[in-house]
Amino acid sequence: MDRKYTDILNTLAAEDNLRTLRETVPDGRYLVYGGRRYLNLSSNDYLGIGTDTELQQEFLAGLGTPGRFLMGTPSSRLMTGNGPEYTALEKSVSALFGGDRECLVFGSGYLANSAVLPVLTVPDDVILADRLVHASIVDGIRLAGCRWERFRHNDTVHLEKLIIKHLGRGCGTVWVATESVFSMDGDHAPLRELCALRERYGVRLYLDEAHAFGVYGPTGAGLASQEGLDGSFDIIVATLGKVVASQGGFTVCGAQVKKMLVNRARGVIFSTALPPISLMWSKFIVDRLPGMDGRRRHLAELAALLAPAGGRPSHIIPIMAYGNGEAARLADRLRDEGYWVTPIRYPTVPKGEARVRLSLNAAMEIGEIEKLAGICRLTG
């Protein structure tokens with residue numbers, strides 16, 4: 001074995017930051033590991049769709065006898081992989097967002113976030129990103145090759161100062177990138193304040209709704225939709241791999257931007273198309289999201305049980321441990337109680353901010369989360 005790799009792995013182990021892959025078996029809202037059953041609090045299946053076998057059976061029954069192979073498309077979309085399932089899904093997503101903008105489906109949310117900004121920016125543009133945006137957005141910003149800075153988390157005063165600074169230097173377009181619901185803290189971006197800055201300075205807004213899509217809004221279109229602001233964001237990106245329990249990601253954008261992405265986005269041009277059956281399942285669920293308000297309400301009830309005093313309920317709840325070792329031990333204690341959680345450490349979160357992240361699922365029961373809330377109070 002290469003000595004430099006050994007040194008890196010030994011350093012990670014010494015810092016309580018060495019990761020391993022555990023083989024787990026799904027069992028509804030639970031999972032099985034090492035012969036024991038745990039309530040799964042580490043999944044992004046927020047509406048319980050991925051554990052709903054009745055929905056799955058309804059979908060499979062609707063397939064009938066397929067007239068062609070549905071399990072894969074060994075080609076890129078620009079070659080022979082752009083089947084009618086893509087068109088149908090993109091129309092459904094567009095309709096969910098009001099129907100006045102286009103949708104483009106990517107192979108994953110990561111591919112979308114890493115591909116869009118490099119296409120839409122030029123060297124004299126500036127990207128200002130919230131300090132806690134997802135790594136996929138950061139990778140997209142780096143690939144863009146233009147100037148960029150981070151503003152303090154959810155701090156629109158700091159953001160406005162940076163906007164004024166860069167516009168004063170005669171830059172091109174200023175882009176502001178953020179998430180609507182942040183993946184590790186579960187808090188919300190100040191969407192109205194961001195839209196006010198857009199009106200005041202002419203900046204363009206890039207919004208990642210990965211953890212809000214399906215969970216918020218009258219149709220499940222996300223937090224911006226819930227606040228009546230989705231039309232104010234130039235680019236909306238989300239994933240089909242969380243709430244929809246499928247594969248892929250997408251962007252909602254104008255027709256001209258979609259044409260640009262089809263012609264320039266490396267994540268489209270050089271990526272194999274998704275399997276038709278995955279696209280069909282995604283459409284099947286997207287079309288049903290408006291009718292899942294009961295699941296959204298139940299998820300909100302579960303979140304309220306774990307919300308800090310005076311805090312806004314969220315389906316993502318961090319329990320801070322700060323140190324890597326402390327986070328690992330906290331995760332072990334919760335697993336001893338029958339809850340499957342994982343320690344979240346650097347580089348997923350900044351150094352010194354290790355935690356256990358609880359992720360709620362609408363298939364869970366009130367009693368299960370009431371018990372968890374009691375354990376968390378004792379643990380904390």
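Everything below is about the structure shown above.
Residues numbered from 1 in each chain as written. Predicted model: local features only at pLDDT ≥ 70, side-chain atom pairs only at ≥ 80, totals over all residues. Heavy atoms only, no water.

S.K.: Help me out: how do you make sense of the pairing of strand β6 (residues 147-151) in this one?
M.R.: The side chains of a regular strand alternate between both faces of the sheet. Two elements, strand β5 (residues 126-130) and β6, share 5 bridges in a ladder whose sense is parallel. Within β6, the position partnered with L128 by the bridge is E149. Remark: the β5/helix α6 (residues 135-144)/β6 crossover connection has right-handed handedness. (Pairing = 2+ DSSP bridges. Helix = DSSP H or I, 4+ residues; strand = E, 2+ residues; numbered from the N terminus. Right-handed = clockwise from strand over helix to strand, strands pointing away.)

S.K.: Whenever I open this one, the sheet that holds strand β13 (residues 343-344) confuses me. Can you help?
M.R.: Pairing between sheet strands relies on hydrogen bonds along the backbone, with the strands arranged either parallel or antiparallel. Spatially, 3 strands are ordered β11-β14-β13 in an open sheet, and the strand pairing comes out antiparallel. Edge positions in the sheet fall to β11 (316-322) and β13, since each of these pairs with one other strand and no more. Relative to strand β14 (residues 354-359), β13 is paired through 2 bridges, and the arrangement is antiparallel. Of the residues in β14, the one forming a bridge with I344 is R355. Docked against the sheet, helix α14 (residues 324-336) engages β11, β13 and β14, running at close to 35 degrees with respect to β14. (Contact = heavy atoms within 4.5 Å. Axes fitted to C-alpha atoms, helices over the stretch in contact; angles between N-to-C directions.)

S.K.: Looking at this structure, how should I read α14?
M.R.: Since the α-helix advances by 3.6 residues per turn, residues separated by three or four positions end up pointing in the same direction. Between the first and last C-alpha of α14 there are 19 Å, a value that for 13 residues agrees with the 18 Å anticipated at 1.5 Å per step. Every buried residue of α14 is accounted for by N324, G325, A327, L330, A331, L334 and R335. Trailing α14 by a residue or two, G338 shows a phi angle of about 100 degrees, which is positive. (Expected span 1.5 Å × (residues − 1). Buried < 20%, exposed > 50% of the residue type's maximum accessible area, 1.4 Å probe, protein only.)

S.K.: Hey, could you run me through the environment of A354 in this one?
M.R.: Checked against the element boundaries, A354 lands in strand β14. For A354, a relative accessible area of 1% gives the class buried. The residues touching A354, leaving out its near neighbours within four places in the chain, are M320, A321, Y322, G323, N324, A327, I344, R345 and V349.

S.K.: It is not clear to me how the pattern of salt bridges should be interpreted in this structure. Could you clarify?
M.R.: Throughout the structure, instances matching the rule amount to 24 salt bridges. The partner of K283 in a salt bridge is D287, with the nearest N and O atoms 2.5 Å apart. Judged by its relative accessible area of 27%, K283 falls in the partly exposed class. Through salt bridges with shared partners, a single network forms among R77, E90, E102 and K258. (Salt bridge = Lys/Arg side-chain N within 4 Å of Asp/Glu carboxyl O.)

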